[in-house]
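Chain by chain, the residues:
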Amino acid sequence: MRRLLTLIAVVVIAVATTLFNTTPAFAHGYVNSPPSRQANCAQGKVSNCGPVIYEPQSVEGAKGQRNCHAGDSRWAPLSDESKSWPVAAVSSTASFTWTFTARHATRDYEYYIGSTRVGYVAGNGRQPPSTVTHSINLSGFSGKQRILAIWNIADTPMAFYSCIDVNIGGTPGTPTSTPTVTSTPTSTPTVTTTPSGTWKAGTAYATGNTVTYNGSSYRCVQPHTAIAGWEPPNVPALWQKI
Ligand SMILES: [Cu+2]
């Protein structure tokens, strides 16, 4: 009987481990630096973005697309060119950083300006670390451009799409990159601006904010809006233990 119970316990643990390791629906990735359109939406820099503010990492669709919203109507505001998307100043060689909430085996990464592929990084079918940064040569282009960054997954037909508005060799366009505290009330009720205290999903954190989580203190190292799954111990790219 005791052996049987032990066997059952082992099976239960094995099943639980498998379930726990299964990728949750929200666990994917996006370009957060320079901020992609979904990053700007999640940080409240652009309004009326729809549900992408809660999951900027979920802009996922079939491979081979050339739009900002992965062909998914839920994310359609990302392709709305009438919105005033913040523009990041970059030099002719620009660094793009992806944040992953699940490290899917990766076929490759592609970067497009219009129909021209300006960057390619092989993934070799391997899992990336929690963040990767690619240096992309944009010489040949100048001024305001829209970069489409694509993360092609190796073991599914899917890819993740991030559009980043840049000004190559220029100065930033609309809002500044400095996190500012607005004096007017935000129109998004679920995003609070409380920068410290206990970590809480839905809160917009700026670099340097400190929080407590499970009795430990953490300092924000990258501005972001917290979501479930991004608890400080889970995402060293966002939180440093202090
Ligand atoms: Cu995923």
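What you see as residue numbers is a count from 1 along each chain, following the sequence as written. It should be noted that, the model being predicted, local features are given only for residues of pLDDT at least 70 and side-chain atom pairs only at 80 or more, the latter also being counted only at that level, while totals for whole chains, interfaces and linings use all residues.

Colleague: So what exactly am I meant to see when it comes to the overall build of the protein chain here?
Modeller: The number of helices and strands found in the protein chain is two helices and 15 strands. With C-beta atoms placed from the backbone, a residue counts as buried when 20 or more other C-beta atoms lie within 10 Å of its own, as exposed when 12 or fewer do, and as partly exposed for counts between those limits. For the protein chain, buried positions account for 33% of its 242 residues. Each helix corresponds to a stretch of at least 4 residues labelled H or I by DSSP, and each strand to a stretch of at least 2 residues labelled E; elements are numbered beginning at the N terminus.

Colleague: When you look at the sheet that holds strand β15 (residues 239–241) in this model, what are you seeing that I'm missing?
Modeller: Backbone-to-backbone hydrogen bonds join strands into a sheet, with any given pair of strands oriented parallel or antiparallel. For two strands to count as paired, DSSP must find a minimum of two bridges between them. Sheet architecture is open: four strands sit in the order β10-β12-β13-β15, paired in mixed fashion. Both edges of this open sheet fall to β10 (197–198) and β15, since each of them pairs with a single strand only. Relative to β15, strand β13 (residues 216–220) runs antiparallel, the two sharing three bridges. Residue Cys 220 lies in a different strand from β15, and its bridge partner there is Trp 239.

Colleague: Even after reading the chapter, I still don't get the environment of Lys 45, so can you show me in this structure?
Modeller: Positionally, Lys 45 belongs in the loop between α2 (37–42) and β2 (60–62). On the neighbour-count criterion, Lys 45 (21 C-beta atoms within 10 Å) is buried.

Colleague: I keep staring at the confidence of the model for the protein chain and nothing clicks. Help me out?
Modeller: A low pLDDT score tells you not to read the predicted coordinates there in detail. Think of pLDDT as the predictor's per-residue confidence, scored from 0 to 100. In the predicted model, the protein chain carries a mean pLDDT of 83, and the fraction of residues at 70 or more is 78%. Scored below 50 in pLDDT, residues 10–25 makes two contacts in the model with residues more than four places away or belonging to other chains. Here residues 173–194 is a poorly scored stretch, pLDDT under 50, and it has 29 contacts once near neighbours within four places are set aside; other chains count. Contact between two residues is assigned whenever their backbone-derived C-beta positions fall within 7 Å.

Colleague: What is the right way to look at the sheet that holds strand β1 (residues 29–33) in this model?
Modeller: Judged by pairing direction, the sheet is antiparallel, and its three strands sit side by side in the order β1-β4-β7 without closing on themselves. The open sheet has two edge strands with one neighbour each: β1 and β7 (131–137). Averaged over all neighbouring strand pairs, the angle between strand axes comes to 35°, with direction disregarded. As paired elements, β1 and strand β4 (residues 93–100) share four bridges and run antiparallel to each other. Each residue of the ladder has a partner; that of Tyr 30, found in β4, is Thr 99. In this description, a line fitted to the C-alpha atoms serves as the axis of each element, helices being fitted only across the stretch in contact, and the angle between N-to-C directions of two axes falls anywhere from 0 to 180 degrees.

Colleague: Can you walk me through the nonpolar core in this structure?
Modeller: Most often, soluble globular proteins keep nonpolar side chains buried together rather than apart. We define a nonpolar core as a collection of buried residues of the types Ala, Val, Leu, Ile, Met, Phe, Trp, Tyr and Cys that are connected via C-beta atoms lying within 7 Å of each other. The biggest cluster of nonpolar side chains holds 38 residues, and the ones touching the most others in it are Val 59, Ala 149, Tyr 161, Ile 164 and Val 166. Elements that contribute at least two residues to this core include exactly β1, α2, β3 (88–90), β4, β5 (106–113), β8 (143–153) and β9 (158–168). Counting residues per element, this core draws most heavily on β9, at seven residues. Those residues in contact with Val 166 that lie beyond four places of it in its chain are Pro 34, Val 87, Ala 88, Val 90, Ala 94, Gln 145 and Ile 147. Residues Trp 199, Tyr 205, Tyr 218 and Trp 230 belong to the second largest nonpolar core, which totals eleven residues.

Colleague: Would you explain the pairing of β8 in this entry?
Modeller: Residues in a regular strand project their side chains so that they alternate between the two faces of the sheet. Bridge count for β5 against β8 is seven bridges, and the pairing is antiparallel. Of the residues in β8, the one forming a bridge with Asp 108 is Asn 152. The turn joining β8 and β9, which pair antiparallel and follow one another in sequence, is formed by four residues.

Colleague: Even after reading the chapter, I still don't get the environment of His 69, so can you show me in this structure?
Modeller: By the element assignment, His 69 lies in the loop between β2 and β3. What makes His 69 buried here is the crowd of 22 C-beta atoms within 10 Å. The spacing of His 69 and Ser 162 is 93 residues in sequence and 7.8 Å in space, taken between C-alpha atoms. Setting aside anything within four residues of it in sequence, one finds His 69 in contact with Val 59, Trp 75, Ala 76, Leu 78 and Ser 79.

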